[in-house]
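Structural features, examined
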Amino acid sequence: MSLPFLAYLLAALALSPAHEDISLSARRSCSRSDAPGRTAIEVELRLRNEGERTICAIVSDPLLPGMDLRSGSLSRALVLRPGGEGELRYGFEAARGRFEWKRVDAAIGDPFGLTEIELGVEAPATIVVRPRLAKLRRVSIRPWMTLPAPGLVPTRAGGSGTDFFGLREYRPGDPLKSLDWRRAAGRPGMLLTREYVQERTADIALILDARKQSEVLSGDRSLLELEVEAAASLAEMFLRQGQRLCLFVAGGGGTGGGGAPRALPDYGTVQLRRVLDCLAAVGRGQGRDSARARRLDDVPVHHLPRGALAIVISPIEPDDLLFFRRLRALAHQVLLICPDALDFAGPAGREEWPEIQARRAFALERRLTLGRIAQMSVSVLDWRPGQPIESLVRAVLSRPMAVRRV
Amino acid sequence: MRRASPATAAAFFASLALFASSLVLGYGIASRWLGEAAVLGSTLGWILAGRRRASLCLSISVVTAAAGILLGASAPLMILGATASLGLWDLARARAGAKSPERYSRAYERLRLRSLAIALACGLVLALIALSARVTIRFPLMAAMAIAVFVCLDLLRRFLSGRQG
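Residues numbered from 1 in each chain as written. Chains lettered and ligands numbered in written order. Predicted model: local features only at pLDDT ≥ 70, side-chain atom pairs only at ≥ 80, totals over all residues.

Some points on the sheet that holds strand E9 (residues 116-130) of chain A
Within a sheet, each strand pairs with its neighbour through backbone hydrogen bonds, oriented either parallel or antiparallel. Sheet architecture is open: five strands sit in the order E2-E9-E8-E4-E6 (chain A), paired in mixed fashion. Of all strands in the sheet, those bounded by a partner on one side alone are strand E2 (34-36) and strand E6 (75-80) of chain A. Looking at each pair of strands side by side, their axes are set apart by 30 degrees on average, direction ignored. Bridge count between strand E4 (residues 55-60) of chain A and E6(A): six bridges; the pairing is antiparallel. Among the inter-strand pairings, Ile58(A) is bridged to a residue of E6(A), identified as Ala77(A). Taken strand by strand, helix H4 (residues 268-280) of chain A contacts strand E8 (97-109) and E9 of chain A, and its axis lies near 135 degrees from that of E9(A). Running over the sheet, helix H5 (residues 106-132) of chain B touches E4 and E6 of chain A and is turned about 65 degrees from E6(A). (Pairing = 2+ DSSP bridges. Helix = DSSP H or I, 4+ residues; strand = E, 2+ residues; numbered from the N terminus. Axes fitted to C-alpha atoms, helices over the stretch in contact; angles between N-to-C directions. Contact = placed C-beta atoms within 7 Å.)

This is how it looks when you write it as structure tokens:
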């Protein structure tokens, strides 16, 4: 009775290749090399048998953290004849991230699955999924300082803009087209020149708080994702307006571990790409647990351009007051966009006394901290994550902010 | 949507029919009604828990077939049943592995079924030939053969670990 079992075992042994007989190569291709968040991306893996024996391979390519499978299968059993190819296809979606594959796993064995040799076959590829951004309408900002470059920010000085600023006495060299001929006719012997509001660009510094302790999860939603989307939308709006923008991320991990991810000041679509690449990697790298990455001070504020309008997006903690004091000491105009973590977390599941008290204490502490920050002449925007950020930012930025020296 | 592997499923049910019919026939000829009940129980076990408990079902089926030979049922039918149960075990594992429709390529499925059919057919033919052979072995020779089997098994283990790198 044991002979059929023995024959089965011998067949499995005969069909399983030896380690030295296996020679596989793999090629990975993605439908896109970069994509906006929540776009379906197809991955195709092609394996080729470079050896001289037919092999049975179970190819598997597990999802990287942050990916959601949308179609296809992550593993497949293939028969690869000498010189033959087999493929594995699947589709995934991700909110954002920088995904880097190095290899694909292959288990080579007999067709019955009794013997198995596990191999990692090189199949490198990288894809950047940029965060989604909402296209915000233009906001006319009123920064304290501007750059000496033409832009869209009206200043309190006359120059060559489009809006009327005032009249002054004619000076030799003024273009004749700027002369106010009507008034000159009424006042013989006196020539007046029309001046227009000078429009310049502003320096904007976006500072995003991606510290681990500031991360709030509610079901499958993350407050950090909302903050990242808000930062991306604001960056796109400011760069579209021609402002110079830089981005600093506190505790974001990012590439290379310890250092805070950043995009140094620049203009235009290339800078938008840099900023979105930087935001894509926020919170995905290593080094988020280091003591340095737990403080907002991780952001090198001395690298911020002089007089830049600093927009900080952070759910804030009581220990962060010093950071704002430093920003104000460097004479930066500061806007704090503070998402309400309590509102984001939603109502408490079980309304029990300790929980109610804890929520009250948290809300009180937050209000006190925001009050203290506001006393430093920092504009504070209390953002309930359900509200559209556009109208709130417009209301704050389009009116001149009070200046108070600290 | 295409089911995981229709050919594998068809082969599984064909093997199940072969297993049940050969053992029922064998026990029926020998008028062993308790054996009939055991065969029906193990057939039900394969249907209900074959995917998750394939090894347990195989053990029960082989014990049922071996008990049939000891109780005087037809040996060829019992061997046929045991061979079919081995096929069932392999196909149950294949079906359990094919969770998604695209898990197995058609070429892989074809190769697996073909290899299984050849291996089991060869084993069955060898077993039936062995049934007709009558060999008398003395105890010292049997002991020597047992030692040789252990040595061979150890060599096989080393050979397998060497192949797996």
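Section: the nonpolar core
The biggest cluster of nonpolar side chains holds 88 residues, and the ones touching the most others in it are Leu206(A), Leu208(A), Ala235(A) and Ile311(A). Here this core takes ten residues from helix H3 (residues 223-240) of chain A, the largest share from any one element. If near-sequence neighbours (up to four positions away) are discounted, Leu206(A) is found in contact with Ala231(A), Leu234(A), Ala235(A), Leu245(A), Leu247(A) and Ile311(A). Formed by 41 residues, the second largest nonpolar core is a distinct cluster that contains Phe12(B), Ala38(B), Leu77(B) and Ala119(B). (Core = buried A, V, L, I, M, F, W, Y, C linked by C-beta atoms within 7 Å. Buried ≥ 20, exposed ≤ 12 C-beta atoms within 10 Å, placed from the backbone.)

A word on the packing of helix H3 (residues 54-70) of chain B against helix H4 (residues 75-97) of chain B
Residue and element names in this part refer to chain B. In contact at an axis separation of 9 Å, H3 and H4 are set at 175 degrees when each is read in the N-to-C sense. As judged from the angle between their axes, H3 and H4 are roughly antiparallel. Between H3, through Ala-54, Leu-58, Ser-61, Val-62, Ala-65, Gly-68 and Ile-69, and H4, the contact on the second element is made entirely by Ala-75, Met-78, Gly-81, Ala-82, Ser-85, Leu-86, Trp-89, Ala-92 and Arg-93. Partitioning the contact of H3 with H4 into residue classes produces eleven nonpolar, four polar and one charged. (Parallel < 35°, antiparallel > 145°, perpendicular 65-115°, else oblique. Nonpolar A, V, L, I, M, F, W, Y, C, P; charged D, E, K, R; others polar.)

Examining the interface of chain B and chain A
Interface size is commonly expressed as the accessible surface area that is lost when the partners come together. On the side of chain A, 26 residues touch chain B, which itself brings 32 residues to the contact. Sorting the residues of the side of chain B that touches chain A by element identifies H3, H4, H5 and helix H6 (139-163) of chain B as the ones contributing at least two each. Ranked by the residues each element gives to the side of chain B that touches chain A, the list is headed by H5(B), at 15 residues. Residue classes in the side of chain B that touches chain A are distributed as 19 nonpolar, seven polar and six charged.

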